[in-house]
Amino acid sequence: MAEIGKGVNAGKLASNVQKRITRAQEKMMQKLGKADETKDTAFEEEVTNFNKQMLEGTKLQRDLKTYLAAVKTMHECSKRLQDCLADMYEPDWFGKEEMDALAEEMIEKEMDNNLEDTDVLWTDFHQKLVDSAVINMDNYMAQFPDIKARIAKRERKLVDFDSARHHFASIQKSKKKDEAKIAKPLALMEKAAPGWAQGIITAHQIAQTNLTRNQAEEDLGRAQKVFEEINYDLQEELPALWNSRIGLYVTTFQSVAGLEEKFHRDMGKLNLNLVDIMTKLEEQRQANEAAPNHNAMAESESDTTTEAPKTDAAATTLSNAATTVTNGSSDAELPSGVLYKVKALHDYAATDSDELDLKSGDIVLVLPFDNPDEQDDGWLLGVKESNWLQNKDLTAKGVFPENFTQRL
């Protein structure tokens, strides 16, 4: 069995070597112009499109994976930055005894939740990019190696077909010459063979010529059949593959854009939460610093009250009225339709036409939404007080983030 196997392998190897030699000879004859070459302009255009499509797909696949790696790197950097903030955030920064321990504990809990939500958002964003874009792109690109190999095989089979065609044509062309030679036996043959044997020799030569012709015809038919089968399949697949690229590009970039929009929207909410947490910490710091001054002022006012004469009722009433006018925060003074006032603690740059630009210190008159369903969590509708005082108009309104302000 081993000897038979070796013989089969040796025979197959010899056949492959002979095919390569025959193809090389055929290509050389075609380049020299001594043999015509079968051309298919439409198929060559499809192959050009295939190569272009494969090159573009490879670049997109590479850039998409680079983008995914950048997202993972950004996630890790963001996590380290958030961990650094969490490590630095210690209860004893502002003095544990002077501060409200319960409120501080709540803020720490909010911080932990915010960091966990941020990590979840990054992980979810990365995984959905893999599921909806990268895997689809990998499946799309997995088609190209097999088709590329079959295109190369088609080219080889086309050379085999041309070679078989030219071989058969050469035998057909030389048939008449061979018949003429057979009709005129050689002088030596005529002298050496008796008359009855010359007919047998001629019949043998004719049979040999016909056998060679039939073998060439079979080789041509076999080469043509193999080529046409591969050619037919590729002519069906290449246009379909070329048209599929549009759907892939649409799906891929829609997925990436949609995931980015959702990720940044959700991350923006968490960033607003972080700003709110930092605002609470700042308020605690200010309250902590103001507490000793407040106690000292209270003691001073107590001493002054003991020594100072009592004022009459009229003076007290006048003083209260003056206070009411000065603070300007009484609900009785609010314009019709205004719910309450807030003061901007931070600058806010509007990102849309329906938003308000705020500067730290601006006073805003808060208005109710025409349709409560349109109100987003954490957003208020209002008009700047300066605009109201100047124009007496509540129509120049816009939305703004609530955690950038403080209610008066």
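Residues numbered from 1 in each chain as written. Predicted model: local features only at pLDDT ≥ 70, side-chain atom pairs only at ≥ 80, totals over all residues. Heavy atoms only, no water.

Another point: the overall build of the protein. What the protein contains, in helices and strands, is 8 helices and 5 strands. Secondary structure elements in the protein, listed N-terminal to C-terminal, are α-α-α-α-α-α-α-β-β-β-α-β-β. Partitioning the intrachain contacts of the protein with sequence separation of at least 6 by distance along the chain shows that 72% fall at a separation of at least 24. A total accessible area of about 27,400 Å² is found for the protein, and carbon and sulfur atoms account for 56% of it. (Helix = DSSP H or I, 4+ residues; strand = E, 2+ residues; numbered from the N terminus. Contact = heavy atoms within 4.5 Å. Areas by Shrake-Rupley, 256 points an atom, 1.4 Å probe, with all protein chains shown as cover.)

On the surface, a cluster of negative charge is contributed by E228, E229, D233 and E236. Mapped onto the elements, E228 comes out in helix α6 (residues 195-307). (Patch = residues over 30% accessible without salt bridge, like charges linked within 9 Å, V, L, I, M, F, W, Y side chains within 5 Å. Salt bridge = Lys/Arg side-chain N within 4 Å of Asp/Glu carboxyl O. Lys, Arg positive; Asp, Glu negative; His and termini not counted. Charge placed at Lys NZ, Arg CZ, Asp CG, Glu CD.)

Moving on, we come to the pattern of salt bridges. Tallying each qualifying case throughout the model produces 11 salt bridges. A salt bridge links R150 to D146, with the shortest nitrogen-to-oxygen separation between them at 3.3 Å. A residue pair is termed a helical-turn pair when its members lie 3 or 4 positions apart in one helix, as R150 and D146 do in helix α4 (residues 144-183) at 4 residues. According to the relative accessible area criterion, D146 is partly exposed, its value standing at 45%. Between D362 and K384 there is a salt bridge whose closest N-O contact spans 3.8 Å. Here D362 is found in the loop between β1 (340-344) and β2 (363-367), whereas its partner K384 is found in strand β3 (residues 379-384), with 22 residues between them in sequence. On the basis of relative accessible area, D362 is assigned to the partly exposed category, the value being 21%. (Buried < 20%, exposed > 50% of the residue type's maximum accessible area, 1.4 Å probe, protein only.)

With respect to burial, β1 is a largely interior element, 4 of its 5 residues being buried. Strand direction decides the pairing type here: β1 and β2, joined by 4 bridges, are antiparallel. Across the sheet, residue K341 finds its bridge partner in β2, namely L365. The pairing of β1 with strand β5 (residues 405-407) spans 3 bridges and is classified as antiparallel. If you follow K343 over to β5, its bridge partner there is Q406. (Pairing = 2+ DSSP bridges.)

With that settled, the discussion passes to the confidence of the model for the protein. Across the protein, the average pLDDT comes to 74, with 67% of residues at 70 or higher. Confidence over residues 93-109 falls short of pLDDT 50; this stretch has 21 contacts with residues more than four positions distant or in other chains. When the criterion is pLDDT under 50, residues 307-332 qualifies, and its contacts beyond four places in sequence or with other chains add up to 5 contacts. (pLDDT = per-residue confidence, 0-100.)

Within this structure, the stated rule accounts for 1 cavity of 30 Å³ or more. Approximately 70 Å³ is the volume found for the largest cavity. Taken together, L121, D124, F125, K128, L259, K262, F263 and D266 form the lining of the largest cavity. Among the residues making up the lining of the largest cavity, the classes are represented as 4 nonpolar, no polar and 4 charged. (1 Å grid on protein atoms, 1.4 Å probe; cavity = no way out; pocket = protein on both sides within 12 Å on 5 of 7 lines; lining within 4 Å. Points joined across faces, edges and corners; volume = space filled by probe spheres on them. Nonpolar A, V, L, I, M, F, W, Y, C, P; charged D, E, K, R; others polar.)

It is worth spelling out the layout of surface pockets at this point. In this structure, the largest pocket spans a volume of roughly 690 Å³. E355, D376, D377, G378 and W379 are, among the 27 residues lining the largest pocket, the residues nearest its centre. Secondary-structure elements contributing two or more residues to the lining of the largest pocket are α6, β3 and β4 (398-401). Ranked by the residues each element gives to the lining of the largest pocket, the list is headed by α6, at 7 residues. Of the residues assigned to the lining of the largest pocket, the class counts are 7 nonpolar, 8 polar and 12 charged.

Turning to the sheet that holds β5, a few remarks are in order. Taken in spatial order, the 5 strands line up as β4-β3-β2-β1-β5 in an open sheet, and their pairing is antiparallel. Edge positions in the sheet fall to β4 and β5, since each of these pairs with one other strand and no more. In this sheet, adjacent strand axes meet at a mean angle of 50 degrees when their direction is disregarded. (Axes fitted to C-alpha atoms, helices over the stretch in contact; angles between N-to-C directions.)

To continue, consider the packing of aromatic side chains. If you walk through the whole model with that rule in mind, you get 6 aromatic pairs. Their ring planes at 75 degrees and their centres at 6.2 Å tell us that Y348 and W379 sit as a pair that is edge-to-face. With Y348 in the loop between β1 and β2 and W379 in strand β3, this pair connects stretches of sequence that are 31 residues apart. Owing to a relative accessible area of 12%, Y348 belongs among the buried residues under this scheme. Of the aromatic side chains, those joined through ring pairs into one cluster are F50, Y140 and F144. Directly above the ring of W242 sits R245, whose terminal nitrogen or CZ lies 3.7 Å from the centroid. The ring of Y340 carries R407 above its face, with NZ or CZ at 3.8 Å from the centroid. (Phe/Tyr/Trp six-rings, centres within 6.5 Å; stacked < 30°, edge-to-face > 60°. Lys NZ or Arg CZ within 6 Å of the ring centre and 35° of its normal.)

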